[in-house]
Amino acid sequence: MKRFCLHTAASVVLAATMALAGCSGGAETTKPSGEQGGQGGSAQVTLTMNSWRVEDTEGYKKIIQAFEAENPGIKIDFKPLKATEYDTILNTALQSDSGPDILQLRPYAPGISLAEAGHLEPLDNLPGIREFPQDVLAAATGKDGKIYGVPLSLNSTQIYYNKKIFDQYGLKEPKSWDELIATAKTLKENGVVPFAFGAKEGWLLSLSHGVIAPGTYNGNAFVDKLLKGESTFTSPEFVKSLQRMQELVPYFPENFVGLELNDIRTMFFTEKAAMFINGSFELEGLKKMNPDLPIDFFPMPTDDGSNVLTTWVDGSYAVNAKSKHKQEALKFLEFMTTKKFGELFASEFKRISAVPGVSTDDPLVNKMAEMSQSIATPYLMVVHFAEGNPSTKKTLENALQGMYLGKLTPEQVAQEVQNSAEKWFPAFKK
């Protein structure tokens, strides 16, 4: 099975770094009041935990409460940061030895780079870590072979759609690219925005391309050739995927280049747009914002008449190598390997837990899980091309923004991506 989501002003970084302080540089140790807890009257430890998922705050409260009930001597202070600022703020804090005790790792290369810089504690001996499949652990395994993160979720990206709007205009899930365009045309002709889409945040573009592209190169065969150096990003099928990203422009909202995630998310859950290209991690938020939203999703139709669902492992959690309370932090990560945690996570966030054997009562989540096993293709830029400085993933995002601003052609975008990959990707090095 194949399972496969930054720039800030100096003042923002400084302020947030100060907020992060209190972990390796000062995780709180206090005497418990009243009952002494479960550690024989020892001091109570408060650990700081960082994530880029601000929207998950309420859900984590319940998960943390379950942990604290079993470990009364440990308190977890969940401090999420804005996703677009997370990487810069976290790196600054880690370099100044003021980072959190527990931190959420970006998947694959970006997260592993923190291990290579010496910021992360190896987890090879963590109880429960070996229960995860090897391909899932790969998202947080360093080039030294050591495991540095507990995998959190199995993500997918797909095209969400409003069933009520589709039914209103007699539309069905498209089975080909031509049918998708025909669907978008029908919606536009009836005054409905076909796609809630924004280009202000680069990651939205690489994510959307990660959904569209496998339809043009028919999933995994091209990926395998690319990884062997037998094909390139300037190949006709990859260029075609960029041309299709451009072909969708007439079906985007007005001024889409200035829209960010909150804008397009709101457009979809308020039923002002019929489709929304995004990840499985958006499902819980959409349902919470509009419990009556008639939502479903479809995978990407391929040119050879099949379907693919783009997948990857996301959001592993790690321990700061310089935490003053490693044992307590490791205790929480051990909890994250358990089925109890996996079930809480899946229930609270409507997502596929990385913990083996966990299911949910949500039919859409189960549909994503089933397709992740049967028609999966990797999110290419995250799983395989997130290295480089800037990364090849970031290069694609910047180039797509340039294309949408009319400064680059799809062919030029493809060449920039290839140029980036040739600087570091082993199969492309000459």
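The rules behind each value
Residues numbered from 1 in each chain as written. Predicted model: local features only at pLDDT ≥ 70, side-chain atom pairs only at ≥ 80, totals over all residues. Heavy atoms only, no water. Phe/Tyr/Trp six-rings, centres within 6.5 Å; stacked < 30°, edge-to-face > 60°. Helix = DSSP H or I, 4+ residues; strand = E, 2+ residues; numbered from the N terminus. Buried < 20%, exposed > 50% of the residue type's maximum accessible area, 1.4 Å probe, protein only. Core = buried A, V, L, I, M, F, W, Y, C linked by side-chain atoms within 4.5 Å. pLDDT = per-residue confidence, 0-100. Contact = heavy atoms within 4.5 Å. Salt bridge = Lys/Arg side-chain N within 4 Å of Asp/Glu carboxyl O.

Under an unreviewed UniProt entry, the name given to the protein is Sugar ABC transporter substrate-binding protein, and the source organism is Brevibacillus aydinogluensis.

Q: Can you walk me through the packing of aromatic side chains in this structure?
A: Both the distance between ring centres and the angle between the ring planes are used here to describe each pair of aromatic rings. A full pass over the atoms with the stated rule returns 32 aromatic pairs. The interplanar angle of 45° and the centroid separation of 6.0 Å between the aromatic rings of phenylalanine 332 and phenylalanine 335 together place this pair among those described as tilted. Of this pair, phenylalanine 332 and phenylalanine 335 both sit in helix 13 (residues 326–336), three residues apart, which is roughly one turn of that helix. Looking at phenylalanine 332, the relative accessible area reads 0%, which means it is buried. Judged by its relative accessible area of 6%, phenylalanine 335 is buried. With 4.5 Å between their ring centres and 45° between their planes, phenylalanine 385 and phenylalanine 425 make a pair best called tilted. Here phenylalanine 425 lies in the segment after helix 18 (410–422) and phenylalanine 385 lies in the loop between helix 16 (380–383) and helix 17 (392–404), a separation of 40 residues in the sequence. Across this residue pair, the class does not change: phenylalanine 385 and phenylalanine 425 are buried.

Q: Can you walk me through the nonpolar core in this structure?
A: One broad trend across soluble globular proteins is that nonpolar side chains are buried collectively. Residues Phe195, Phe233, Leu333 and Phe385 are the most contacted members of the largest nonpolar core, which totals 122 residues. With eight residues, helix 8 (residues 202–217) is the single largest residue contributor to this core. Core analysis: the next-biggest nonpolar cluster, separate from the first, contains 13 residues, Trp52, Ile89, Ala115 and Ala318 among them.

Q: Please clarify how the confidence of the model for the protein should be interpreted in this entry.
A: Low pLDDT marks regions whose predicted coordinates should not be analysed in detail. Averaged over every residue, the pLDDT of the protein is 90; residues scoring 70 or more account for 90%. Below a pLDDT of 50 lies the segment residues 1–41, which in the model reaches 102 contacts outside its immediate sequence neighbourhood of four places, other chains included.

Q: How should the pattern of salt bridges be read in this particular structure?
A: When the charged atoms of two side chains with opposite charge come close together, those side chains can pair. Here the structure, examined in full by the defined rule, presents 22 salt bridges. Between lysine 322 and aspartate 97 there is a salt bridge, with its nearest N and O atoms 2.9 Å apart. Of this pair, lysine 322 sits in the loop between strand 11 (316–319) and helix 13 while aspartate 97 sits in the loop between helix 3 (83–95) and strand 4 (102–105), and the two are 225 residues apart along the sequence. By relative accessible area, lysine 322 is classed as partly exposed at 45%. Glutamate 284 is the partner of lysine 288 in a salt bridge, and the nearest nitrogen-oxygen pair spans 2.8 Å.

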